[in-house]
Amino acid sequence: MYFETGHERAFGTFPLKGDDLQSALETALDVGYRAIDTAQMYANEAAIGEVLQRSTLQRNDVFITSKVPTSEFSEEKFIPSVKQSLSDLQVDDVDVLLVHWPPGDDDVRPSLDWLQQAKQQGLTKHIGISNYNSIQMRTAKAHCQYPLVTNQVEFHPLIDQSTLQNTTKETGIPLASYCSVARGKVFSYPVFEKIADKYNVTAAQVVLRWIIQQGVSINAMSTKRENLKANFDVLGFALTEDEMQSITALNQAAYRIVDKALVPWAPTWD
Ligand SMILES: NC(=O)c1ccc[n+]([C@@H]2O[C@H](COP(=O)([O-])OP(=O)(O)OC[C@H]3O[C@@H](n4cnc5c(N)ncnc54)[C@H](OP(=O)(O)O)[C@@H]3O)[C@@H](O)[C@H]2O)c1
């Protein structure tokens, strides 16, 4: 869905709020971003709504993804929480609505039912999942009557997500990245600079190109115009198979940022 609609590069908005969020989002829109990734948990949907209202862009010009947290996983809370998101964002619907997390290793199906209700009620055009392991991806695929347009997960060169990638092939649920530059950790590896020199790009662009070249759509956050511009400008060059492999080899680092210590409600990862 993100690739098909030309929204394979999204501006990620966590942890930005208030003025910082508004200034970064205005810059992101100015450099060309049209896809925006937010979530109820980020507490920035109202600030995003204000920027969109002020801009000259029409609703159809932007592609908004938001997410429902596990705290809203109940018959009473789920749909009202989505309506609050829409009210904050000042839109009639979002383009993609995700369940932000599975309920640990518990049954994912009730939350997927409420997610599907949100689509049936016209509150979102598409639905998807986030932070699902491969078992949960298979359950979701079997359970849902609508296509799941993404599983948004931690994805960067320092973590091995090949099990999820294989499950994408099996289920047809594409992956989207978060922590795409491992919050800066990737820059301590010289291989990116070396490859970047060859293409006259930056290390970050090489990292993001490695992600997108695998059919994984990108969510990346920056507060700086120069970085936003670079992160958006990753379609004009292609890495060779050898370069792709030399970067993939770094996943031995097994560097997971969003782990159980940070998110105690995480499921058992692959
Ligand atoms: N689904 C989930 O559970 C989940 C979890 C986490 C994040 N997300 C989403 O994914 C988005 C991206 O993840 P993230 O923000 O956590 O991690 P990230 O994009 O890997 O890292 C953001 C950090 O990298 C720096 N950076 C970005 N581009 C750079 C560049 N070209 N050169 C140098 N430094 C650069 C930024 O600093 P500067 O501002 O200085 O450029 C920022 O501090 C989030 O904003 C959010 O929308 C989703």
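The structure we're discussing is the one just above.
Attention in this report is confined to the structure presented alongside it.

Calculation notes
- Residues numbered from 1 in each chain as written.
- Predicted model: local features only at pLDDT ≥ 70, side-chain atom pairs only at ≥ 80, totals over all residues.
- Heavy atoms only, no water.
- Axes fitted to C-alpha atoms, helices over the stretch in contact; angles between N-to-C directions.
- Helix = DSSP H or I, 4+ residues; strand = E, 2+ residues; numbered from the N terminus.
- Parallel < 35°, antiparallel > 145°, perpendicular 65-115°, else oblique.
- Left-handed = near helix turned anticlockwise from the far one by under 90°.
- Contact = heavy atoms within 4.5 Å.
- Nonpolar A, V, L, I, M, F, W, Y, C, P; charged D, E, K, R; others polar.
- Near = heavy atom within 4 Å.
- Polar contact = N/O pair within 3.5 Å; in protein donor to acceptor, adjacent residues only side chain to side chain.
- Areas by Shrake-Rupley, 256 points an atom, 1.4 Å probe, with all protein chains shown as cover.
- Salt bridge = Lys/Arg side-chain N within 4 Å of Asp/Glu carboxyl O.
- Buried < 20%, exposed > 50% of the residue type's maximum accessible area, 1.4 Å probe, protein only.

In contact at an axis separation of 9 Å, helix α1 (residues 18-31) and helix α2 (residues 45-54) are set at 40° when each is read in the N-to-C sense. The pairing of α1 with α2 is recorded here as oblique in orientation. In this structure, α1 meets α2 at a crossing whose hand is right-handed. For the pair α1 and α2, contact is made by G18, L21, Q22, L25, E26 and L29 and by A47, I48, E50, V51, L52 and R54, respectively. Along the lines of polarity and charge, the residues of the contact of α1 with α2 split into seven nonpolar, two polar and three charged.

This paragraph deals with the site of the ligand. Neighbouring the ligand are 27 residues; D37, R183, S222, T223 and K224 lie closest to it. R183 places a polar side-chain atom, nitrogen or oxygen, 2.7 Å from an oxygen atom of the ligand. A distance of 2.9 Å is found between a nitrogen atom of the ligand and a side-chain nitrogen or oxygen belonging to N231. Isolated, the ligand exposes 900 Å² of accessible area, and the fraction of that covered by the protein chains is 86%. Secondary-structure elements contributing two or more residues to the shell around the ligand are β8 (218-220) and α9 (225-232).

Our focus in this paragraph is the pattern of salt bridges. Under the definition given, this model contains 11 salt bridges. Among the ionic pairs, K67 bridges to D37, the shortest N-O distance being 2.8 Å. With K67 in strand β3 (residues 63-68) and D37 in strand β2 (residues 35-37), the pair connects residues that are 30 residues apart, well separated along the chain. D37 gets classed as buried once you look at its relative accessible area, which sits at 4%. The salt bridge involving D107 is made with R109; its shortest N-O contact spans 3.0 Å. A relative accessible area of 41% places D107 in the partly exposed class. Ionic contacts of the salt-bridge type, sharing partners, join the residues R59, D93, D95 and K125 into one network.

In short, geometric facts, not functional conclusions.
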